[in-house]
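# Observations on the model geometry
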Amino acid sequence: MVRSMKTMKRALAVSTAIVASGTLATADQMPPETSLSGLEYELIGRGDIYSYGSLDSYNQAPMLDALVESGALPPVNERLPAEPIIFKSGAMVDGIGEYGGVFRHVIGGRPEGWNWMAGQHQGWGGINMAMQECLVRQGPRWQVKAEEQTGPLPNLAQSWTWNVDSTELTVNLMQGVKWSDGDDFDVEDVRFWYEDNVQDENVASRMAKDSFGAANFEVIDDYTFKFVFQSPQAETIVENLAYIQGCPGPSHILKDAHPTYNSDATYDSYTQALPNDVVPPVVLGAWVPVVHRPDELVIMRRNPYYFKVDEAGNQLPYFNEMHFRLSTWGDRTAQAVAGTGDFSNMEDPGNYVEALKQSQDENSPVRANFGPRVLSWRLMLNLDPASAEDDTDRAMRDLFRETDFRLALSHALDRDAIGQALARGPFAYPYVAGFSTGSPYYDAGSSDFQPFDQDRANALLDGLGATDTDGDGVRNLPGGGENIVITVLHDGGANADRKQAEAVASQLEEVGIRMNLRSLDQTTMDTNRTSGQYQALFARLPVILPTREVCETFPAGANCPFFNRGGNRLPFEAELASAYDAFVASSDAAEQAELAKQMQRLMTENAYYIGTVQIPAALLVNKRIRNAHPGTPVFMYEWAEDSVIRERLWTPAAEQEEEVLPGTVAEY
Ligand code: BQZ
Ligand code: CA
């Protein structure tokens, strides 16, 4: 199943692709890859990171003492669950922390709203994850040794068991967890999330209806419930219950805004029920947004009800305050390098050389270390004929559904040139489709490569009858229809996206396909992408695990992937869907590896979508931040914000930044 970093490195080292017997014998192979990964770390056991239990006594951040004394908050032992999550000192590189100070984030996104169950995001870059807590957790798994990679780590779901047939999953929730307003978190919150968000197809939840094994939900008691699946499943499917798919919201606040419980509500009013200008929202996360100044800043304060502690009984988090400066993604890296921000996933190759140079200086506030290639970009053609806007759009989508058309576009791309346009040097490697090379499930030998070959592209397009019937240089739809002009949405604020989209447009022009590029802001892009409202869209979408952000890539359930929502499956898509279903229903490592190869082959030889390049990324964390584990990858099981375990990060008092709102917590 999941390989250790060592094996992964071996796989990433310069290699000549091997043709697996019987597969892809005649297909083009991936070119050799050179790894830039310099990540090295010890792997540990699952239980070495955290466990559940009760301690004799608990401590709280000193700033909370006054609030308990005044009666504004109950004492800490009444705010904590019976068995809180206990983070182990042995896995903390700098040990038990000091309370206080500010963790400074800079992000390029803007909070769309606080109703994450209805699919809204809060601006990305770690702010979503600071508010949401999910049933299970994936981020910290990067550090778990291979033989203990038996599935996701527990979180709100403290434990779970399967029936003999593996068709029923009984989940035991943590008991006594409280929302940030003091309300009890219990089974009703989970039921509401699943039945009235996931399984209600009118709600644009991150987990799509029926994609979780089409399970039914059964309440057993206040802290126990059961998922009853349509067919046998395995631990792998439980990964779906991690961020961003399996995170319940406050039912005691939201039920009243949901059309099922309130006849005055509409689905639109439900989605908008927690607008971004109304703070504080009710959360389970370690910090709560208390100030939102649009386009400027979100300030979060510690959640006094947070359900995690360290081994000395200190309630987490250690930091009292979190800032999210609302800027650009490029500025996130610039500020981390300058030392005015504490964190960045360095992911824009345009500033790699400069940022690397600066971080080599021993006085630099950050160190930069590359991981494997996990960031991949792709052009997605909308394969859903049913959602076409007019006849021409419909004819375009019929053409998109032709495998030869997608293969032609793939052959028309000079991926080396696209990579060099992003950054000179060895950063970019071609991406066709399927898993990124940094995925433990990637297999070069199962990847059908479409090398740059304009003659082949032209021949494929001619073969489809998409010739330039009116002689204006742009091919026409088969049968002498209109010019083939593909409207492609992209995020105008992301340098790497914009540069690539422009390169793709000019390369396709050379084989007579025109792209009409439409640059949008990130929030609009995200919404259009996940609702499938586009003819074509260019975006960065890493594919590392098949169980994460499933609907972005895999045909799971009837309405996935987002680029083919209507359920009009292509023949190979049906095969892909079976392989996907078998993958999540298996916990046999060898079987999963085979299924992953099958998925890789189906996605690449059919150009399910058209990849451009993939690059490594480097995590930047300010040196004053303690417990940021060396070797933490920018992205593996989840983004680094989750992998670095922010609730246990801290800064010595002498190096703490001054808080903007000292002594305060969210008030309801
Ligand atoms: C990391 C991440 C944390 C979303 C977003 C953003 C959205 C996608 C993706 C990345 C940002 C950062 O990525 O670029 O480094 O901090 O937030 O969530 O690109 O457009 O929809 O999936 O996570
Ligand atoms: Ca023409």
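Residues numbered from 1 in each chain as written. Chains lettered and ligands numbered in written order. Predicted model: local features only at pLDDT ≥ 70, side-chain atom pairs only at ≥ 80, totals over all residues. Heavy atoms only, no water.

### So, the overall build of the protein chain
Along the protein chain, the regular secondary structure elements total 19 helices and 20 strands. Taking 668 residues into account, the globule formula puts the C-alpha radius of gyration at 26 Å, and the protein chain, at 25 Å, falls close to it. Taken along the three principal axes of its C-alpha coordinates, the protein chain extends 80 × 60 × 50 Å. Residue burial in the protein chain is summarised as follows: out of 668 residues, 61% are buried. In the protein chain, once contacts between residues fewer than 6 apart in sequence are set aside, the share between residues at least 24 apart is 74%. For the protein chain, the exposed surface amounts to about 23,400 Å²; the carbon and sulfur share of it is 46%. Charge separation in the protein chain, taken as the distance between the mean sites of 52 positive and 94 negative side-chain charges, equals 5 Å. (Helix = DSSP H or I, 4+ residues; strand = E, 2+ residues; numbered from the N terminus. Rg over C-alpha atoms; globule rule 2.2 N^0.38 Å. Buried < 20%, exposed > 50% of the residue type's maximum accessible area, 1.4 Å probe, protein only. Contact = heavy atoms within 4.5 Å. Areas by Shrake-Rupley, 256 points an atom, 1.4 Å probe, with all protein chains shown as cover. Lys, Arg positive; Asp, Glu negative; His and termini not counted. Charge placed at Lys NZ, Arg CZ, Asp CG, Glu CD.)

### What to know about the sheet that holds strand E2 (residues 85–87)
Reading across the sheet, the three strands line up as E1-E2-E12 and stay open at both edges, with mixed pairing between neighbours. The open sheet terminates on both sides in strands that have one partner only, identified here as strand E1 (50–52) and strand E12 (308–310). Strand after strand, the sheet turns through a mean of 30 degrees between neighbouring axes, direction not considered. Pairing of E2 with E12 involves three bridges; the strand directions are parallel. Bridge assignment links Ile 85 to a residue of E12, and that residue is Lys 308. (Pairing = 2+ DSSP bridges. Axes fitted to C-alpha atoms, helices over the stretch in contact; angles between N-to-C directions.)

### Description of the sheet that holds strand E7 (residues 168–173)
Reading across from one edge, E6-E7-E9-E8 is the order of the four strands in this open sheet, with antiparallel pairing throughout. Bordering the open sheet on either side are strand E6 (157–162) and strand E8 (216–221), each of which pairs with just one other strand. The mean inter-strand angle of the sheet, taken between neighbouring strand axes irrespective of direction, is 25 degrees. With respect to the sheet, helix H5 (residues 187–198) is in contact with E7, E8 and strand E9 (224–228), its orientation differing from that of E8 by roughly 170 degrees.

### Comments concerning the site of ligand 1
Residues in contact with ligand 1 amount to 14 residues; listed here are only the nearest, Arg 332, Glu 347, Gln 522, Arg 529 and Glu 641. Gly 125 has a polar backbone atom sitting 3.0 Å from an oxygen atom of ligand 1. Here an oxygen atom of ligand 1 sits 2.6 Å away from a polar atom, N or O, in the side chain of Glu 347. When isolated, ligand 1 has an accessible area of 470 Å², and the protein chains bury 93% of it. In a pocket analysis with a 2 Å cut-off to the grid points, ligand 1 is assigned to the largest pocket. Contributions of two or more residues to the shell around ligand 1 are made by helix H9 (329–338) and helix H16 (522–531). Of all the elements, H16 adds the most residues to the shell around ligand 1, at three residues. (Near = heavy atom within 4 Å. Polar contact = N/O pair within 3.5 Å; in protein donor to acceptor, adjacent residues only side chain to side chain. 1 Å grid on protein atoms, 1.4 Å probe; cavity = no way out; pocket = protein on both sides within 12 Å on 5 of 7 lines; lining within 4 Å. Sits in = over half its atoms within 2 Å of the grid points.)

### Concerning the coordination of the calcium ion (ligand 2)
On the protein side, the calcium ion (ligand 2) has Asp 468 (OD), Asp 470 (OD), Asp 472 (OD), Val 474 (O), Asn 476 (OD1) and Asn 483 (OD1) as donor atoms, found 2.2 to 2.5 Å from it. If you list the donors of the calcium ion (ligand 2) from N- to C-terminus, the spacing comes out as D-x1-D-x1-D-x1-V-x1-N-x6-N. (Donors = N, O, S within 2.8 Å, 3.2 Å for Na, K, Ca; no water.)

### A short note on the domain arrangement of the protein chain
Under the domain assignment used here, the protein chain contains domain 1 (52–342 + 624–655) and domain 2 (372–615). The centre of domain 1, based on its C-alpha atoms, is set 32 Å off from the matching centre of domain 2. The largest per-residue losses of area from domain 1 upon contact with domain 2 belong to Thr 236, Phe 635 and Met 636, which jointly make up 24% of the total buried on that side. The tally of links between domain 1 and domain 2 comes to one salt bridge. Across the pair Glu 638 and Arg 548 runs a salt bridge whose closest N-O atoms are separated by 2.8 Å. Broken down by class, the residue content of the side of domain 1 that touches domain 2 amounts to eleven nonpolar, nine polar and seven charged. (Domains from an automatic or database assignment. Buried area = accessible area lost by both parts, 1.4 Å probe. Salt bridge = Lys/Arg side-chain N within 4 Å of Asp/Glu carboxyl O. Nonpolar A, V, L, I, M, F, W, Y, C, P; charged D, E, K, R; others polar.)

### Concerning the nonpolar core
Counting 199 residues, the largest nonpolar core has Trp 193, Phe 227, Phe 405 and Ile 486 as the members making the most contacts within it. In terms of residue count, strand E20 (residues 610–621) provides more of this core than any other element does, eight residues in total. Built from parts of two domains, this core gets at least three residues from each of domain 1 (52–342 + 624–655) and domain 2 (372–615). The contacts of Phe 405, once residues within four sequence positions are left out, are Leu 381, Leu 399, Phe 400, Leu 461, Leu 464, Ile 484, Ile 486 and Ile 513. (Core = buried A, V, L, I, M, F, W, Y, C linked by side-chain atoms within 4.5 Å.)

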